[in-house]
Amino acid sequence: NAGVMQNPRHLVRRRGQEARLRCSPMKGHSHVYWYRQLPEEGLKFMVYLQKENIIDESGMPKERFSAEFPKEGPSILRIQQVVRGDSAAYFCASSPTGSPYNEQFFGPGTRLTVL
Amino acid sequence: GQNIDQPTEMTATEGAIVQINCTYQTSGFNGLFWYQQHAGEAPTFLSYNVLDGLEEKGRFSSFLSRSKGYSYLLLKELQMKDSASYLCAYMNTGFQKLVFGTGTRLLVSP
């Protein structure tokens, strides 16, 4: 049973370009969470999605960032017009239901470097 | 507010016992999680406490006191492979997001 998959593992973009990060949850999981980890900082919640629904986006920056989890295919975190401050590790996690008693399983992360 | 604190770094010797403390303040609480994260890798789940007391899982144990806003992770019979960051996180009532501390970097030496 494959775990949470993320790709790419490493992504390099120049300032002003777009970054697309993909996350495939574990089989049977319908809840996806995105977290960002800046260098020397803790993981920070960004957004929580179910299929075709954004449930909580309280941690998403108001501009340039968007997320989706379509009926078919992976969840996508999209960052438009990237800036150097967006350089970070972006982790996706999934859980089988929305219950807080279900642990969140994390993917290996995408390390974004903005030049 | 959403405050959660844990020490930045700890060192210990192979075979020893180490306790990593975590304190939190939140208006609603729905469980405390501990994750292990090796450098460059995904966080992996270690333990979950929602009621007061000690949960034991092999060499790892986790304790929670809700009235004190306090948890600790106890690692026994330390091995070199236990060198990693240990992340404390709580979940708020009615929300699904985990609120993480900055992590405690544990270095186990021979």
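The rules behind the values
Residues numbered from 1 in each chain as written. Chains lettered and ligands numbered in written order. Predicted model: local features only at pLDDT ≥ 70, side-chain atom pairs only at ≥ 80, totals over all residues. Heavy atoms only, no water. Buried < 20%, exposed > 50% of the residue type's maximum accessible area, 1.4 Å probe, protein only. Helix = DSSP H or I, 4+ residues; strand = E, 2+ residues; numbered from the N terminus. Pairing = 2+ DSSP bridges. Disulfide = S-S within 2.5 Å. Salt bridge = Lys/Arg side-chain N within 4 Å of Asp/Glu carboxyl O.

**Focus: the pairing of strand S4 (residues 31-37) of chain A**
All names here are of chain A.
No. 1: With respect to burial, S4 is a largely interior element, seven of its seven residues being buried.
No. 2: Neither face of S4 is left uncovered, since the one carrying His 31, Tyr 33, Tyr 35 and Gln 37 and the one carrying Val 32, Trp 34 and Arg 36 both have all their residues buried.
No. 3: Sheet topology places S4 next to strand S5 (residues 43-50); seven bridges connect them, and they run antiparallel. Across the sheet, the residue bridging to Gln 37 is Leu 43, located in S5.
No. 4: The turn linking S4 back onto S5 is made up of five residues, and Glu 40 within it adopts a positive phi angle of 65°.

**Side note on the state of the cysteines**
Covalent bonding between the sulfur atoms of two cysteines is what defines a disulfide.
Residues and elements named next belong to chain B.
No. 1: Tallied over the entire structure, the rule returns two disulfides over all chains.
No. 2: Between the sulfur of Cys 22 and that of Cys 88 lies a disulfide, 1.9 Å long from S to S. What sets the handedness of the Cys 22 and Cys 88 disulfide is the S-S torsion sign, and at about -70° it is left-handed. Of this pair, Cys 22 sits in strand S3 (residues 18-25) while Cys 88 is found in strand S9 (residues 84-91), placing the two residues 66 residues apart along the sequence. Residues Cys 22 and Cys 88 agree in their burial class; the two are buried.

**As for the pattern of salt bridges**
Where charged atoms from two side chains of opposite charge approach closely, those side chains can pair.
No. 1: Scanning the model with the defined rule gives seven salt bridges over all chains in all.
No. 2: Residue B:Glu56 is joined to B:Lys76 by a salt bridge in which the shortest nitrogen-to-oxygen separation is 3.7 Å. Of this pair, B:Glu56 sits in strand S6 (residues 53-57) while B:Lys76 sits in the loop between strand S8 (70-75) and S9, placing them 20 residues apart in sequence.
No. 3: The shortest N-O distance in the salt bridge between B:Asp82 and B:Arg59 comes to 2.8 Å. Here B:Asp82 is found in the loop between S8 and S9, whereas its partner B:Arg59 is found in the loop between S6 and strand S7 (60-65), with 23 residues between them in sequence. Neither residue differs from the other here; B:Asp82 and B:Arg59 are each classed as buried.
No. 4: Counted as one network, the salt bridges with shared partners bring together A:Glu18, A:Arg20 and A:Arg78.

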